Every structure is written in C-alpha cells, then in structure tokens.
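Coordinate analysis (summary)
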Amino acid sequence: MKLTPAVLTGALTVRQGIDYNSAPPNLSTLANSSPFETWRPKAHVLPPFGQIGDPCMHYTDPETGLFHVGWLHGGASGATTDDLVTYYDLNSDGQPFIAAGGKNDPIAVFDGSVIPRGIDGKPTLLYTSVSFLPIQWTIAYTRGSETQSLAVSHDGGRNFTKLEQGPVIPSPPFAVNVTGFRDPFVFQNDQLDSYLGSVSGTWYVVISGGVHGEGPSQFLYRQHGVDFQYWEELGQWWQEPANSTWGNGNWAGRWGYNFEVSNIFSLDEYGYNANGEVFTTLGAEWSLSPIVPQVSDFREMLWAAGNISCEDGKVKFVPSMAEKLDWGTSAYAAAGKELPATSKASEKSGAPDRFISYVWLTGDFYGTHDFPSAQQNWTGALLLPRELSLGRISNVVGNELVRETGSWRIVSNNSGIVELATLQQQIARETLNALTSGDFFVEPGRTLSSPGAVAFQRVPENKFHVITACISFPPACRGSDLRAGFQILASEHERTTIYYQFSNESIIIDLSNSSAAAKTTNGIDSRGEAGRLRLFDLVQDGQQKMESLDLTIVVDNSIVEVHANGRFVMSTWARHVSHHPTHALIGMLTLQVLVRILERDPIFPRWHWGGGFWRRDGL
C-alpha cells in the first residue's frame, strides 16, 4: 500500500492535559500533539513522530552485524538493532536514508530490498523508482511509471546514494498489460540455482503486480553478471486467476487482482534455510463489485508455501498451503529478511539463521479514515518482529478436519494418525523474552460450566502487559455455539473482548465498545476483527483430545496482538481511554483455563528520543 506523504512540520508542541476520568472530547479539536502519549505504544517500532508506512529494506550489515529495519514514508527511514529490543534511529529526527527527487524517481520511492554485499561489497538497495502517479490496479497502467533502480550505502546505511544511471529493470515484461510492477525483493534460493543451472549464491528478484484481465502475479528475475547491472527476466513464476481464492476462501481470503510487497524465502523447522521449503508472503488487493476506480475495498496480508517446478526451462511456483499472515484488517505490507546466526542479535541469543518479518499496522486504515493524526502527531506502527519457520503439528487424528484445503498439508500418515506442516510464526525470542522477563502473577486454574464473566482475582496495573493462557475444551464443544476467552481493558464504558467461537472456528476481537473516544471523534474504528483457527483432534497418552487453545496476548497501550498456537496472529487497535481497566474470563459450557499475566511498571522498555536514536531505560 502506497500513501501520499503527509507534511509534518515544526517541533512538538506543548501537550495539553486531558482528563481521562471524564467523557473524552472530540480529539480533532485539541491542539496538535496534545494526545501524543495517550495511545502511543512502547514496545513497537515507530518513528519519533509522524507517520510510518510499509516496512521494507531490512538487512544485516556484514561489517557491523547490526540488523537494519526500514520503513516507507517521505522516502525510506530506518533504525538498527543488536537485540531486536532496542532500536537506534539511523538519522536524527527519523530523517530518510533515501528520498525521491532523482532522475529515476522524481515522484516517489516505493518499497525495495537490500543485497548486504552488493556493488563493491557495500549494501546495495534495489527499489521501485516512481515517475508517474496515480498507480492503482483499478485503472490503466501508465508505462514507465514504475522502474527498478539501484542505490549504494558507504556510511553504514545512513544514506543510500543513487547510481548516476537509468533503472536496471526499466519496464515490465514486453507487451504485458500490468496492474502494477513494484516492490522488488532480492533473495537466494538453492532450488532455483539447481533448476536453472545458476551459479550457487545467485541473486533473484521477485517483483509484485498483476495483469489486467488475468490476475495477480509475481514476476521473477535473475542476476546477470557480478555488478548487479543486468537482470534476466524469467517470466511470471506465479499467477492466480483474478479474484480467485485458495480452496473455499476460508483460510486465505482472496488472491485479489494485484499482488504487493511479495517476499520469497525458504524455511526449515529451525528457521531460514536456502535449501528449505519455499514460502512467500504477499499483499493482495481486491474490491467488491462494482469496482470503483482508485479504490481497494480490501487488502489482505497472506502467506503461501509450495513447490517449484520447471517446464520448458521456465520455473513455476505452485502453492500447497496458504493463510493470512495476520488476520487484522489494518495489518498489511509485511517485509522480512534473513537474520543470520552471525548477526549480533543472534550471537547474543544463540539463535540459528532466521527469517524475521515485520508487519505494518496502519493507524488510519490506509488513509481512508479521518483520524485526528495532526493532534496525535504519529500514525501507525510496526508490529512485533516474528520468527518464521516450518511448523509441525504431530499426533493429529486423520479425520475430515485435516482433509480440507487449508493452511496445512499432510506430511505423513501412520494408521490414521497424521503429521501436519504449516507456517509457524512466533514473536522473536529476544523480543518475547524482554516482554516476559518481569514480574508476573498466575490466575488459578478454573472450570466454568455456565455462561457469564468471572473477574480476575488480580488485574494488571497498567496498559502494558502480556497475558498467556491455555484453554482446554471438552470434545462436545466442537460444532456448538460456545464462546470462551477474555474481556480486557474493561471499565464502566469500555471493554475489548477476545474469544474463540466454535461455530465458525474463529478468534474474535469485539471492539464495539473498546473506545469511549469513538463516540466523540471520527476515525476511531470500532469494527470487530475475526480470524480462523482450527483446533485439531489429537491423540495424547492414548486418548483422543481436542487441541488446546494456547494464547499470548500482548497489550501495548492501544496495540493488541493476539498470538495463538504458534500459527495464528491477529493484531488491531483498542484505543481505550480509562486509566483503570479490569480483566475477566468469559465462557459458557465447560472449559478449563490457566492464565499467567506478566507485568512490569511498565513491563516494556521505556523508549524516548535521545539525540538521534531511540534509547531505552533498562529492563
């Protein structure tokens, strides 16, 4: 998703006091920056002020071992980290390391990715250089509007200098009527080397887009020569029919009409492996009929895994499983990169080679909501970094629940007991450890046998905490109308309810009363969130049981992330106003629950602007 840059000028103004014990005012009437801290998170990456856009251009600097995290807005800015907890801005005030205005990009800089040792052994950025707007899949494509250009950094990533030349990929494939042609992602892949007879370690590029009248596509290119000046077109290695679905559409929404922000990477059970199973993350754009020019009703952040084949010298990608990477409607534009075991972060934690992905949580629903951005003086954030790997679900009963086309595939079948493969996504170990290493308390295990809410015996004292819970269900719950989960951030007038609903195998976040400010201020979204998670039947100790629901709920002021069973994530905003929220367990029928709540005052690192970098005050 590409947004027109907003102009944010001037220093932060003096912030007015807000009475949080009375009805909230219309926030759009307040002085700029007044509610700056009201909903600002502390554990999530975001610039010192202003807007954040697509995460992109991540890489590990081979000279320093630091991991660079980038994002779009007014060009591209970024920060470095040596532990996935503390982030230091590359330039003061979050200034960009590359911006529009060159020969190839007079209008804008869109997403790109970095070859860590590229031209002259320096970090080399391949990015989309934009010459014409608007660009949107619902309208005719302007030839020459999106090209792919190079820039090189000689100062540790603080600046990327554009090469004094034309684009290295100057146009889409010949005579292809594209819907888009952007977001180049560079990667290496042993399987492609083998199929194509490439030299080991060859770089490939996938460019996202689609073809009018046909459907969304990923366009594949191969490095030609050692100086990265020429890239060989390998065709559309993956294309789906326009607005088609994976299976019945329950698990991965729609492929839409146009792909964006595609990443290609290979995983095994431990993390990144250039010879592992091929995965892709991608954004899909689509709309309801009738399609309105320059409007995308839906943007969905998806993942797919599949197989590579080669026919008549052309490589093709064929999916074998797919799902949404994040089910939140404001979560989009994921971008990741290999984080090697030799990086500073991995050396500290002892982690192997990993693929780390960041997802954008847009703060104004892709610029379509009239949110009081000027008053808040920041918009959006990056969600917590995730480690992606090839996940396994063992001892699964091979019944009809596993035979659907979904977000898993059957790896083995031993007399009706199967093992499933899927994408495992978990909060990066360093980040999770920092969030959960503080004081905690445990709610006693409970069995609920009647509808209603049961208050926690103790509740967190702040809006920065982590809830971990394991909920067990009896087999009779399957197919019932049972709802069970938690009510968080609750007060007399506000509450956010997170629950599992068996009737459609979904985790629901009810936001209808999450913010009292929504009654006075436009642009605060109160629509609920929903995402599908199947709890399989397992054989444990010779007994058949339903898979338990294992939840990690991160509350970082207004950002709520719900992680479940190592394979499901749904993120959203809960812009609550009350300073004294409570929590409760909700349920009906019979279920067993054990809850562990971790909190610090606050439990998260304290972030503040400190002379050119974000600094934390001890953990």
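Structure shown above.
A brief report on the enclosed structure follows. For every chain, the first residue of the written sequence is number 1, and numbering continues from 1 onward in sequence order. This being a predicted model, a pLDDT of at least 70 is required before a residue's local features are given, and a value of 80 or more before pairs of side-chain atoms are given or counted; all residues contribute to the totals for chains, interfaces and linings. Side-chain measures here rest on the full set of heavy atoms in the structure, leaving out hydrogens and waters.

This next bit is on the nonpolar core. Definition of nonpolar core: a set of buried residues of the types Ala, Val, Leu, Ile, Met, Phe, Trp, Tyr and Cys, connected through side-chain atoms within 4.5 Å. Using a 1.4 Å probe on the protein chains alone, a residue whose accessible area is under 20% of its type maximum counts as buried, one over 50% counts as exposed, and one in between counts as partly exposed. Among the nonpolar cores identified, the biggest contains 77 residues, and Leu84, Leu192, Trp237, Trp255 and Phe279 are the most heavily contacted of them. Contacts are assigned to residue pairs with any non-hydrogen atoms lying within 4.5 Å of each other. When near neighbours in sequence (up to four residues on either side) are disregarded, Trp237 contacts Leu192, Val206, Gln218, Leu220, Ile264, Val278, Ile308, Val315, Lys316 and Phe317.

Any pair of Phe, Tyr and Trp rings, taking the six-membered ring for Trp, is counted once the centres come within 6.5 Å. Such a pair is stacked with planes under 30 degrees apart, edge-to-face with planes over 60 apart, and tilted for the rest. Counted by the stated rule, this structure contains 27 aromatic pairs. Pairing Trp238 with Phe259 gives two aromatic rings, centres 5.1 Å apart and planes at 40°, and the pair type is tilted. Here the residue Trp238 occupies a position in strand E13 (residues 230–239), and Phe259 occupies one in strand E14 (residues 258–267), the gap between them amounting to 21 residues. By relative accessible area, which is 2% here, Trp238 ends up buried. Its relative accessible area of 0% is what places Phe259 among the buried residues. Secondary structure is summarised from DSSP: a helix means a run of H or I of at least four residues, a strand means a run of E of at least two, and numbering begins at the N terminus for each.

Count a disulfide wherever a pair of cysteine sulfur atoms falls within 2.5 Å. Applying the stated criterion across every chain, the model contains 0 disulfides. No disulfide involves Cys477; its sulfur sits 14 Å from that of Cys470, the nearest cysteine.

A word on unusual backbone geometry. Phi is mostly negative for residues that are not glycine, and the peptide bonds are mostly trans. Along the chain, Leu133 connects to Pro134 via a cis peptide bond; the corresponding omega equals 5°. Along the chain, Pro134 turns up in the loop between strand E7 (124–130) and strand E8 (146–152). Pro290 follows Ser289 through a cis peptide bond whose omega is 0°. Even without a glycine there, the phi angle at Ser33 is positive, about 75°. Residue placement: Ser33 occurs in the segment before strand E1 (50–51). Given a relative accessible area of 2%, Ser33 falls into the buried group.

These figures capture arrangement, not role.
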